Amino acid sequence: MSSFALRLAVLPSVILLLFVVGRNKKRRNPTKLLVLLAVFGALSTIPAAIVEIIGSGILYRTGLRSHDVMYHFIDCFFIVAMIEELGKFLCMIIISWKNKNFDHSYDGVIYGVCTSLGFATLENVLYIFRGGIGLGFVRAVSAVPLHCACGVVMGYFYSRAKEMSNRYDSAGSCGNLILAYISALGIHGLYDFVLSVEDSSFAVCCAVLLLAVALMVLLIFFSASNDHIISSQPIWVDPYNFRYMPGGQQQYPYGQQMPGGQQQYYPYGNQMPGNQQQYYPYGRQMPENQQYPYGQNDPNGYTQYQDKNIQ
C-alpha cells in the first residue's frame, strides 16, 4: 500500500476525531486513554470479521440466498451491525467505565467516537488494500462518517448511563446502556441494509447517510454545550471555578455556609450557628461562657481575665 493510500485511509478518521474533541472547550482528556480506546476499537475488527464469516456461513445454510431481502435484513442487522457495534461497545465499557477521568457528560461522546473511528480506520485500511484508492474515496465520505455517527449516538447514551449509575439508579443506567447499543446497531444496520438491497436507489442510501450525519452533528453540539459533571468526585476542573474540587471536597466563598454539616467559614466577628466556635473582633463583648479580652468583665459573673501586669 502506498503512503497516499494509507493517508487516505487514516485522514478522514483524524479529521472527525479532531472535530469532536475540539468541541470540548472546558477541559482536556488524557491522551493515553483516547489512544487506548482507538487501538482496542481497531483490534475489535479482527474478532468481528471472524464471527461475521461464521454467521454468514450459518445464514447460508438456512436456505436464504443473497438475492432475498430477508437474507440482507438478517445479515445487515443481526450479523454485521450487531457484531461490529457489540465489539466497539464492549471495548468502550471495559476501558472507560471505571476510569477516574470519566467524570463529564461529553466524555462518553468522545470515548464512543474514539472507539468507533479506531474500528473504521483499520477497516478502511483493509478495504483500500483490497479495493484500491477509488474505494477509499467512497468510504471517506460514507462508511467513516457512518461509524462516527454510531459512536456519537452510542457515547451520548453511554454518558447518561454513567450519570445514572453515579446516582445509584441501576434501572436507568441499564436502560441507557441498552439504548446506547441498540441505537448504534439500528443506524449501522439500516445503512448497510439500504446499501445491500438491489432495489434501493442511490438517493435512499444518501438520505439515510445524511440523516445519520445530521443526528451526529446535532448530538455533538448539544452534548458539548450542555457538558456537565456527572461524577461526585470530578478529576478535571476549571482552574478558576473552586466550587467542585477533587475528592468530593467543596470550597465555598468566605462567609458562606457549606451543605451536609461540613466545616463552615464565616467573616470575622459574625456568629456561627449550631453552638460552634465564635470569632469576635478584639474588644467586643462575647456571650456567656466565652473568653473575653484582657481587662473586660464578664457581665454574667463568670471568670474575669485581667492583665497580670496591671496592679
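Residues numbered from 1 in each chain as written. Predicted model: local features only at pLDDT ≥ 70, side-chain atom pairs only at ≥ 80, totals over all residues. Heavy atoms only, no water.

With that out of the way, let us pick up the packing of helix α4 (residues 69-96) against helix α7 (residues 143-166). Direction vectors running N to C along α4 and α7 enclose 45°, while the axes themselves pass 12 Å from each other. Judged by the angle between their axes, α4 and α7 are oblique. The handedness of the crossing between α4 and α7 is right-handed. Residue-level inspection shows Glu84, Glu85, Lys88, Phe89, Met92, Ile93 and Ser96 of α4 in contact with α7, the latter providing His147, Cys150, Met154 and Tyr158. Split by residue class, the contact of α4 with α7 holds six nonpolar, two polar and three charged. (Axes fitted to C-alpha atoms, helices over the stretch in contact; angles between N-to-C directions. Helix = DSSP H or I, 4+ residues; strand = E, 2+ residues; numbered from the N terminus. Parallel < 35°, antiparallel > 145°, perpendicular 65-115°, else oblique. Left-handed = near helix turned anticlockwise from the far one by under 90°. Contact = heavy atoms within 4.5 Å. Nonpolar A, V, L, I, M, F, W, Y, C, P; charged D, E, K, R; others polar.)

Attention shifts here to the environment of Arg65. Following the sequence through the fold, Arg65 ends up in the loop between α3 (45-61) and α4. Residue classification places Arg65 among the partly exposed positions, given a relative accessible area of 30%. Side-chain polar atoms of Arg65 contact the backbone oxygen of Tyr60, separated by 3.0 Å. (Buried < 20%, exposed > 50% of the residue type's maximum accessible area, 1.4 Å probe, protein only. Polar contact = N/O pair within 3.5 Å; in protein donor to acceptor, adjacent residues only side chain to side chain.)

Another point: the packing of aromatic side chains. Here the structure, examined in full by the defined rule, presents 12 aromatic pairs. Plain terms: the ring middles of Phe4 and Phe137 are 6.4 Å apart, the flat faces sit at 50° to each other, and that makes the pair tilted. Taken together, the positions of Phe4 in helix α1 (residues 3-22) and Phe137 in helix α6 (residues 133-140) put the pair 133 residues apart, joining distant regions of the chain. Note on Phe4: relative accessible area 40%, which makes it partly exposed. Put simply, the rings of Phe73, Phe77, Phe78 and Phe193 pair up and form one aromatic cluster. Sitting above the plane of the Phe119 ring, Lys88 keeps its charged end 5.3 Å from the centroid. Sitting above the plane of the Trp97 ring, Lys162 keeps its charged end 4.9 Å from the centroid. (Phe/Tyr/Trp six-rings, centres within 6.5 Å; stacked < 30°, edge-to-face > 60°. Lys NZ or Arg CZ within 6 Å of the ring centre and 35° of its normal.)

Another aspect to go through is the packing of helix α2 (residues 31-43) against α4. It is the contact of α2 with α4, at a shortest axis distance of 9 Å, that shows an interaxial angle of 150°. On the basis of the axis angle, α2 is roughly antiparallel to α4. Seen along the crossing, α2 lies across α4 with a hand that is right-handed. Residues Leu33, Leu36, Leu37 and Phe40 of α2 pack against Cys91, Met92, Ile95 and Ser96 of α4.

Next up on the list: the nonpolar core. Core analysis: the biggest nonpolar cluster contains 51 residues, and Val20, Tyr111, Cys148 and Val152 have the highest contact counts within it. It is α7 that provides the largest number of residues to this core, a total of 12 residues. Leave out the neighbours within four places in its chain, and Val152 touches Val109, Val113, Met216, Leu219 and Ile220. If you look at the next biggest cluster of nonpolar residues, it comprises six residues, including Ala48, Leu59, Ile83 and Phe119. (Core = buried A, V, L, I, M, F, W, Y, C linked by side-chain atoms within 4.5 Å.)

Side chains bearing opposite charge may pair, as long as their charged atoms lie close to each other. Under the criterion given, the structure shown has three salt bridges. Put simply, Lys88 and Glu85 hold a salt bridge, and the shortest N to O gap is 2.9 Å. Here the residue Lys88 and the residue Glu85 both occupy positions in helix α4, the gap between them amounting to three residues, near one helical turn. The exposure class assigned to Lys88 is buried, which follows from its relative accessible area of 1%. Residue class for Glu85 comes out buried when judged on its relative accessible area of 0%. For Glu123, the salt bridge goes to Arg139, with nearest N and O atoms at 2.9 Å. With Glu123 in helix α5 (residues 105-131) and Arg139 in helix α6, the pair connects residues that are 16 residues apart, well separated along the chain. (Salt bridge = Lys/Arg side-chain N within 4 Å of Asp/Glu carboxyl O.)

Its identity is not glycine, yet Tyr168 carries a phi of approximately 65°, on the positive side. Relative to the assigned elements, Tyr168 resides in the loop between α7 and α8 (170-196). Here Tyr168 falls in the exposed class, since its relative accessible area comes to 77%.

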